Amino acid sequence: MFEEQSGRAAGTAVSAGGATFVAFTEPATDPAAAETTAAGAATPAPPHVPSQGARPAGSGDAILRRQAQRESAARTYARSLPIVPVRARGLTIEGADGRRYLDCLSGAGTLALGHNHPVVLEAVRGVLDSGAPLHVLDLATPVKDAFTTELFANLPAELAADARVQFCGPAGTDAVEAALKLVRTATGRSTLMAFTGAYHGMTAGALEASGGAPGAGVIRLPYPQDFRCPFGVGGPEGAELGARWTENLLDDPKSGAPAPAGMIVEPVQGEGGVLPAPDAWLRRMREITAARGIPLIADEVQTGVGRTGAFWGVDHAGVVPDVMVLSKAIGGSLPLAVIVYRSGLDVWAPGAHAGTFRGNQLAMAAGTATLAFVRENRLAERAAALGARMLTALRGLAADHPWIGDVRGRGLMIGVELVDPDTGAAAPALAAAVRRECLERGLIVELGGRHGTVVRLLPPLTLTDEQAAAVLDRLADAISAAARRTR
């Protein structure tokens, strides 16, 4: 079989790095049961926890050498994850060298159902076998109509009742560009309000709105966080100070801040270090913008489709934005990006925003299947419950490991911030070592945060309890090993 069970008995403890985790439920005894545990609906899938094994040299080495010779110096993940995937299913990737890995990167959150989920493959094959056109620009098709219908069925009801959708280029950054262009056109203003620590993409406008890049037309606002609060207090008080700062900036005629075209915010900052926006603070941002006629843009590229334990990240706070930016999981693992917005903003001219590949029929079919599967099988609720248990386990680990400064997240969007235990300062070398140790143990993770010190977990929403225990086991062992080697 492609994947193997861990061999642990039901309810047995998983111990690593001085911490003990207990498998949350009894391991599945057959492939169908394994998938039912994660999704609540039986679909064929093999057991999901692969063996680790040694890492032999293989044909992938030559491929990696050629990649290094031919590809741009801008390549990223390939540097920290020197593997050559050849097969994948669910949580598991198999490399050309025969090693198997638990993938907690999931295409940076793209793979809501994991790799090659049966409903996604069936949807894609259905389009391929039907003879339908694969490229149609923005023409109407049955596939596109089905996708739009399913998408609107899952939107916040208030927005869905008065929404328009714009199909953009294939990546989330293009949808961000469309959103910025939309609100600037609708308001006649040009300045944007964005937040420190934000990440909205790598094209010019999206990058300007991100926290790590200068932007002359962007007003930077403090994003609330507890562990490294910019006001030194954290909690509700820190969030309220940030909200008051925003209000004062907008209302003070001497602030130097022009009236903005819009405010863009992530319900959870992912690349910024897995920082969930407090619900009360997000509601305040909605109140502040609504009272002043400022369109609120929610960047749900990574938080959408159940990732945070609600179908959309804004749902936790009950906030209805004016614009939602959607990509990643909405394409069911294939390239697709859209913006959904209130009809009153729909004032731009025909062709004001376009893209050759905005009519990706395969992605729309895969996206329809993914959206429906997440909705029908209540995977957002599943992510909330399992994510809460994983956070509890990781916080227990932190109590015994002083180099874990903070554990935070929402749903299956989890971050572990690593620090120097003596000073509390960021520990980028330790974080990089943890990532390497994870890979050696057959676990794929990535880093985020200001100094690259937050180990991020973005497993698929179909993660089983047994898989979650295996992920925590390997991560705990990797943290302990890295800490020993870097001290």
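Thresholds, definitions, all that
Residues numbered from 1 in each chain as written. Predicted model: local features only at pLDDT ≥ 70, side-chain atom pairs only at ≥ 80, totals over all residues. Heavy atoms only, no water. Helix = DSSP H or I, 4+ residues; strand = E, 2+ residues; numbered from the N terminus. Contact = heavy atoms within 4.5 Å. Areas by Shrake-Rupley, 256 points an atom, 1.4 Å probe, with all protein chains shown as cover. Axes fitted to C-alpha atoms, helices over the stretch in contact; angles between N-to-C directions. Parallel < 35°, antiparallel > 145°, perpendicular 65-115°, else oblique. Left-handed = near helix turned anticlockwise from the far one by under 90°. Nonpolar A, V, L, I, M, F, W, Y, C, P; charged D, E, K, R; others polar. Salt bridge = Lys/Arg side-chain N within 4 Å of Asp/Glu carboxyl O. Buried < 20%, exposed > 50% of the residue type's maximum accessible area, 1.4 Å probe, protein only. Patch = residues over 30% accessible without salt bridge, like charges linked within 9 Å, V, L, I, M, F, W, Y side chains within 5 Å. Pairing = 2+ DSSP bridges. Polar contact = N/O pair within 3.5 Å; in protein donor to acceptor, adjacent residues only side chain to side chain. Expected span 1.5 Å × (residues − 1). Phe/Tyr/Trp six-rings, centres within 6.5 Å; stacked < 30°, edge-to-face > 60°. Lys NZ or Arg CZ within 6 Å of the ring centre and 35° of its normal.

Caption draft 1: Main features of the overall build of the chain. When you go through the chain residue by residue, the secondary structure sums to 15 helices and 19 strands. Within the chain, contacts between residues separated by at least 24 positions form 72% of all contacts whose residues are at least 6 apart in sequence. As displayed, the chain has an accessible area near 19000 Å², and 54% of this comes from carbon and sulfur atoms.

Caption draft 2: The arrangement of the packing of helix H13 (residues 379-400) against helix H15 (residues 465-486) in detail. It is at 11 Å that the axes of H13 and H15 come closest, and there the two elements cross at 25°. When the interaxial angle is binned, H13 and H15 end up roughly parallel. The two elements H13 and H15 meet at a crossing, and its hand is right-handed. Along the contact surface, H13 presents Arg382, Leu386, Arg389, Met390, Ala393, Leu394 and Leu397, while H15 presents Asp465, Ala468, Leu472, Leu475, Ala476 and Ile479. Classifying every residue of the contact of H13 with H15 by side-chain character gives 10 nonpolar, no polar and three charged.

Caption draft 3: Quick peek at the pattern of salt bridges. What the rule picks out here adds up to 25 salt bridges. Between Arg358 and Asp138 there is a salt bridge, with its nearest N and O atoms 3.4 Å apart. In this pair, Arg358 is assigned in the loop between strand E14 (338-342) and helix H12 (361-376) and Asp138 in the loop between helix H5 (118-130) and helix H6 (142-154), connecting sequence segments 220 residues apart. Take Arg358: its relative accessible area is 13%, and that puts it in the buried class. Look at Asp138 and you get partly exposed, because its relative accessible area is 44%. A single salt-bridge network, built from bridges that share partners, covers Glu240, Arg244, Glu247, Asp251, Arg284 and Arg292.

Caption draft 4: Structural view of a nonpolar patch on the surface. Taken together, the side chains of Phe231, Val233, Leu241 and Trp245 present a nonpolar region at the surface, about 340 Å² in accessible area. Tracing the backbone through its elements, the reader meets Val233 in the loop between strand E8 (218-221) and helix H10 (235-251).

Caption draft 5: Expanded view of the pairing of strand E12 (residues 296-299). Taking every second residue as pointing to the same face, both faces of E12 are buried, with Leu296 and Ala298 on one and Ile297 and Asp299 on the other. Sheet analysis places strand E9 (residues 262-265) next to E12, joined by three bridges and oriented parallel. Within the sheet, the bridge partner assigned to Met263 lies in E12 and is Leu296. Where E12 meets strand E13 (residues 323-326), three bridges bridge the pair, whose relative direction is parallel. Within E13, the position partnered with Ala298 by the bridge is Met324.

Caption draft 6: Here's a closer look at the sheet that holds strand E17 (residues 443-444). On the basis of which strands lie adjacent, the open sheet formed by four strands has the order E3-E4-E5-E17 and mixed pairing. Every other strand in the sheet has two partners, leaving strand E3 (85-89) and E17 as the edge strands with one partner each. Note: E3 against strand E4 (residues 92-95), four bridges, orientation antiparallel. Opposite Arg89, over in E4, you have Thr92 as the bridge partner.

Caption draft 7: Spatial organisation of the side chain of Ser106. Here Ser106 is to be found in helix H4 (residues 106-109). A relative accessible area of 2% places Ser106 in the buried class. For Ser106, the side chain forms a polar contact with the main-chain oxygen of Leu458, separated by 2.7 Å. Setting aside chain neighbours within four positions, we find Ser106 in contact with Leu111, Leu458, Pro459 and Pro460.

Caption draft 8: Quick peek at the environment of Asp477. Topologically, Asp477 is positioned in helix H15. A relative accessible area of 29% places Asp477 in the partly exposed class. Remark: the alpha-carbon pair of Asp477 and Val434, spanning 43 residues in sequence, is separated by 9.3 Å.

Caption draft 9: Focus on the sheet that holds strand E15 (residues 404-410). Spatially, four strands are ordered E15-E16-E19-E18 in an open sheet, and the strand pairing comes out antiparallel. Of all the strands in the sheet, the pair left with one neighbour each is E15 and strand E18 (446-448). Averaged over all adjacent pairs, the angle separating strand axes in this sheet is 30°, with direction ignored. The pairing of E18 with strand E19 (residues 454-457) spans three bridges and is antiparallel. Bridged to Leu447 within E19 is Val455. Across the sheet, helix H14 (residues 428-440) is in contact with strand E16 (413-418), E18 and E19; its angle to E18 comes to roughly 160°.

Caption draft 10: Representation of helix H8 (residues 172-187) in the model. In a regular helix each residue adds 1.5 Å, so 16 residues correspond to 22 Å; H8 covers 23 Å between its end C-alpha atoms and thus fits that length. Those residues of H8 not exposed but buried are Gly172, Thr173, Ala175, Val176, Ala178, Ala179, Leu180, Leu182 and Val183. Against the buried residues of H8 lie strand E7 (192-195), helix H9 (204-209), E9, E12, E13 and E14. Two residues or fewer past H8, Gly188 is found with a positive phi of approximately 75°.

Caption draft 11: Highlighting the packing of aromatic side chains. One pass over the full model with this rule turns up six aromatic pairs. Both rings, one in Tyr223 and one in Trp281, keep their centres 5.3 Å apart while their planes meet at 65°; by these two values the pair is edge-to-face. Taken together, the residues Tyr223 in the loop between E8 and H10 and Trp281 in helix H11 (residues 279-291) connect sequence positions 58 residues apart. Neither Tyr223 nor Trp281 differs from the other in exposure class; each is buried. Lying over the aromatic face of Phe167, Lys144 brings its terminal NZ or CZ to 4.7 Å of the ring centre.

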